[in-house]
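# Survey of secondary and tertiary structure
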Amino acid sequence: MSSIPGFNGGDNIEESSSQPIEIEIPYKAEWRFEVPFKTIMKLTVLEGTGEIFGTELPSNVQVQFSGVKYSVYSPLPDGCKISYFSVPNKENYNISSEDGEISEYISEETPMEQYLNLHFALELYRQQATLSNLNNSNIDQQNSKKLGPKVLIVGNQQSGKTTLAKILSSYAYKMDRVPILVNLNPQDGCFALPGSITSTPISDSFDLQSINGWGSTLTSGTTIHNPKQPLVKNYGFTKIQENLELYKYQVSKLGVATLSRLEDDLSIKNSGLIIDTPGLSSKDDFLVIENIVSDFEVDIIVVIGNERLSIDLRKKFKHKLASSHLEILKVHKSGGVVELEDSFIRKTQEDTIKEYFNGDYRIPLSPFKTEIELKNFVFYKPVELLEYMSSLAFLPAGDSFTPETSEASEVKKEDNALTKYYNELTEKTSSNLENSIIAITQVSDNNKSPRDLLNTCVLGYAHISKVDETKGKAKILLPFPGAFPKNILISTNVKYAE
Ligand SMILES: Nc1ncnc2c1ncn2[C@@H]1O[C@H](COP(=O)(O)OP(=O)(O)OP(=O)(O)O)[C@@H](O)[C@H]1O
């Protein structure tokens, strides 16, 4: 690994841009680089073709990155020549835990060819689906696959799952497909904010320069890239263990909605799904994997670099494998995958939230600040399951088994349906609300049906920056101007300070 000559550590921030460096990336090799948050790398492809996780970089156009660990792959025999230099990122210059140097190296050992072969195998299934949907009346209904492949990517934490999901969806898009990318890792904000799970038809290339490299969300104003229309379910935490029941519930609802989206649109139907997951690799996680397989009618599981997991999954799903309802494939983990520190993940989450409200250097947005009267709004909060379990421990023995008459018990059952998922916030205090990301649901605030609240999608997000308990008011930030909808709001456990 080398560092950039000429980068002087910030003694003179204004003048410390480095000398440009040119790199020749040989055919089928990748140039891996890490840019700290306190540095901006400005990169230009001078000759040939270079792609970052399947998305081609424009030729002779400068792009910039900060706080990323990426690689430029050279897919064509002409190779790829790039030039880059760095400047300090003044916004992040005070991060003391990292040094400002870019690290980089060229690797010829990359699994990209294997990933490309996997893409072509998936493309064959897409062609079959396309053909069978063209001739739908004449073909043997039983044997023809009418949907594109529904691919689930699993593996250890930080094994390159998201990267593979990016590569497969980018390559599919390049072949004029519109796969739905499903993100089931609430740690990432994929066309939404962290704390959500999403499914998004990919009808455009990813915007590499945006945070996480996905692209714009549906916020205000025009955007450089065609904004995607994600289906967003709120989970409210960034780790699935915090309320596994709520997570599984939301995954299953997202599955239903995604499969019906698939049926609605022929090009999506032919293209199928690519599902990214959080690290699910131990036997305890098998139930979650099993749920996802059935919720999304998965027909291909791709295991990244974990032989034991792929063997265990084969045992688990032996009936589905025997009846050809499922295939399990194993691919190599890339040597370029980096283990991310918690502080890096947290900073990326903060930047995702910031970009949602404020845009980026290309299109700055002007978020809308307003004040609301708390008593006019209904807030719920996702339950931390551990908290819920300990509250149950205080119940007098036998209470929950008291028999009840049918009508009253139905009403109670409906009320109870929510208790392990969401609680209504009766005290709208600063400790409950300040610095929280608020998910705006589609449910109007006079609808108190627990099921509707559980089944709703997220319309958008707001941020509460200040709560004045004495006045009963809160300062709120919205990505768009206009009246704040009187819908039920969910105060998530995702925190952000402006
Ligand atoms: N070939 C590569 N070269 C350089 N960096 C890479 C490469 N592949 C992946 N990375 C980086 O490694 C980090 C981890 O990869 P990724 O997010 O794909 O893993 P993951 O399995 O999805 O992680 P998680 O379990 O946290 O969801 C990311 O910052 C990613 O950009």
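Here the residue numbers are simple positions, counted from 1 along each chain's written sequence. With pLDDT at 70 or above as the cut-off, local features in this predicted model cover only qualifying residues; side-chain atom pairs require 80 or more to be listed or tallied, and sums for whole chains, interfaces and linings still use all residues. Values reported for side chains reflect all heavy atoms of the structure, with hydrogen atoms and water molecules removed beforehand.

## Describing the environment of Phe 344
By the criteria applied, helices consist of DSSP H or I runs no shorter than four residues and strands consist of E runs no shorter than two, each listed in order from the N terminus. Tracing the chain through its elements places Phe 344 in helix H8 (residues 342–358). The cut-offs for exposure are 20% and 50% of the maximum accessible area for each residue type, with area from a 1.4 Å probe on protein chains only; residues under the lower value are buried, those over the upper are exposed, and the others partly exposed. For Phe 344, a relative accessible area of 14% puts it in the buried group. Expressed as a C-alpha distance, the spacing of Phe 344 and Val 68, which sit 276 residues apart in the sequence, is 9.3 Å. Contacts: residue pairs with any heavy atoms within 4.5 Å of one another. In contact with Phe 344, not counting residues within four places along its chain, are Phe 37, Gly 67, Val 68 and Lys 69.

## Description of the site of the ligand
Near the ligand you find 20 residues, and of these Glu 30, Lys 69, Lys 161, Thr 162 and Thr 163 are the closest. Polar contact is defined as a pair of N or O atoms within 3.5 Å, subject to the rule that within protein one atom must be able to donate a hydrogen and the other to accept it, and that residues adjacent in sequence are counted only when both atoms are side-chain atoms. The backbone of Lys 69 places a nitrogen or oxygen atom 2.6 Å from an oxygen atom of the ligand. Measuring from an oxygen atom of the ligand, one finds a backbone N or O atom of Gly 160 at 3.0 Å. Residues are grouped as follows: Ala, Val, Leu, Ile, Met, Phe, Trp, Tyr, Cys and Pro are nonpolar; Asp, Glu, Lys and Arg are charged; all remaining types, including Gly, are polar. Classifying every residue of the shell around the ligand by side-chain character gives five nonpolar, 11 polar and four charged. For the domain bounds, the source is a domain assignment made automatically or taken from a database. Composition of the shell around the ligand by domain shows at least three residues from each of domain 1 (13–109) and domain 2 (112–331). Working definition: residue near molecule or strand if any one of its non-hydrogen atoms lies within 4 Å of it.

## With respect to helix H6 (residues 307–316)
Buried within H6 we find Leu 309, Ser 310, Asp 312 and Leu 313. For H6, the angular spread of buried residues about the axis comes to 165°, placing them on one side. Opposite its buried face, H6 presents the exposed residues Glu 307, Arg 308 and Lys 315, each directed more than 90 degrees away. Where H6 begins, one side-chain oxygen reaches toward the backbone nitrogen of Arg 308, 3.3 Å away; that side chain belongs to Asn 306. Read the arc as the range of directions from the helix axis to the C-beta atoms.

## Some remarks on the UniProt feature "binding site: ATP" (unreviewed entry) in the protein chain
UniProt positions are given in the numbering used here, feature names are shortened, and annotations may be inferred rather than shown by experiment. On the UniProt side, "binding site: ATP" (unreviewed entry) is annotated at positions that read Glu 30, Lys 69, Gln 158, Ser 159, Gly 160, Lys 161, Thr 162 and Thr 163 here. Here Lys 69 is to be found in strand E7 (residues 68–73). At 3.1 Å, the side chain of Lys 69 and the side chain of Glu 34 are in polar contact. Positionally, Thr 163 belongs in helix H2 (residues 161–174).

## Examining the sheet that holds strand E20 (residues 436–444)
Spatially, seven strands are ordered E17-E22-E21-E20-E23-E18-E19 in an open sheet, and the strand pairing comes out mixed. Pairing within the sheet leaves two strands with one partner each, and these edge strands are strand E17 (368–373) and strand E19 (422–424). Ignoring which end each strand starts from, the neighbouring axes of this sheet average 35° apart. Here, a strand pair is defined by DSSP locating no fewer than two bridges between the strands. With two bridges connecting them, strand E18 (residues 379–382) and strand E23 (residues 487–495) associate as parallel partners. In this analysis, axes come from line fits to C-alpha atoms, helices being fitted only over the stretch in contact, and the angle between any two N-to-C directions falls in the range 0 to 180 degrees.

## Digging into unusual backbone geometry
Backbone geometry places Phe 53, a non-glycine residue, at a positive phi of 45°. Here Phe 53 shows up in the loop between strand E4 (51–52) and strand E5 (55–56). Phi is positive for Asp 176, which is not a glycine, with a value near 65°. Inspection of the secondary structure assignment puts Asp 176 in the loop between H2 and strand E11 (180–183).

## Concerning the nonpolar core
Residues belong to a common nonpolar core when they are buried Ala, Val, Leu, Ile, Met, Phe, Trp, Tyr or Cys residues joined through side-chain atoms within 4.5 Å. By size, the foremost hydrophobic cluster in this structure holds 59 residues, and its most contacted members are Leu 184, Phe 296, Ile 301 and Leu 313. It is helix H3 (residues 244–264) that contributes the most residues to this core, seven residues altogether. Shared between two domains, this core holds at least three residues of each, these being domain 2 (112–331) and domain 3 (368–495). Apart from residues lying up to four places away in sequence, Ile 301 is in contact with Leu 152, Val 154, Val 293, Leu 313, Phe 317, Leu 326, Glu 327, Ile 328 and Leu 329. Counting residues in each nonpolar core, the second largest holds 45 residues, with Ile 23, Leu 43, Tyr 73 and Leu 164 among its members.

## Here we look at the packing of aromatic side chains
Two rings from Phe, Tyr or Trp (for Trp, the six-membered ring) form a pair when their centres are within 6.5 Å of each other. A pair whose planes differ by under 30 degrees is stacked, one over 60 is edge-to-face, and the rest are tilted. With the rule as written, the count across this model stands at 15 aromatic pairs. Measuring from centroid to centroid gives 6.0 Å for Phe 191 and Trp 214, while their planes differ by 50°, and the two rings are tilted. Residue Phe 191 is found in the loop between E11 and strand E12 (196–201), and its partner Trp 214 is found in the loop between E12 and strand E13 (231–234); the two are separated by 23 residues along the sequence. Considered together, Phe 191 and Trp 214 belong to a single accessibility category, that of buried residues. For the ring pair Tyr 249 and Tyr 421, a centre distance of 5.2 Å and an interplane angle of 45° mean the geometry is tilted. You can see Tyr 249 sitting in helix H3 and its partner Tyr 421 sitting in the loop between helix H10 (406–419) and E19, a full 172 residues away along the chain. A single burial state applies to Tyr 249 and to Tyr 421, both of which are buried. Put simply, the rings of Trp 31, Phe 33, Phe 53, Phe 65, Tyr 70 and Tyr 84 pair up and form one aromatic cluster. For a Lys NZ or an Arg CZ to count as sitting over a ring, it must be within 6 Å of the ring centre and within 35 degrees of the ring normal. The aromatic ring of Phe 344 is capped on one face by Lys 69, whose charged end is 4.6 Å from the ring centroid.

## Structural notes on the pattern of salt bridges
Salt bridge, as used here, is a side-chain nitrogen of Lys or Arg placed within 4 Å of a carboxyl oxygen of Asp or Glu. Applying the stated criterion across every chain, the model contains 22 salt bridges. Among the ionic pairs, Glu 91 bridges to Lys 354, the shortest N-O distance being 2.6 Å. Of this pair, Glu 91 sits in the loop between strand E8 (80–88) and strand E9 (103–107) while Lys 354 is found in helix H8, placing the two residues 263 residues apart along the sequence. With relative accessibility at 33%, the residue Lys 354 sits in the partly exposed group. Note that Glu 245 is salt-bridged to Lys 420, the shortest N-O span being 3.8 Å. Here Lys 420 lies in the loop between H10 and E19 and Glu 245 lies in helix H3, a separation of 175 residues in the sequence. Glu 245 gets classed as partly exposed once you look at its relative accessible area, which sits at 30%. Given the relative accessible area of 28%, Lys 420 is considered partly exposed. One network of salt bridges, in which partners are shared, links Glu 22, Glu 47 and Lys 81.

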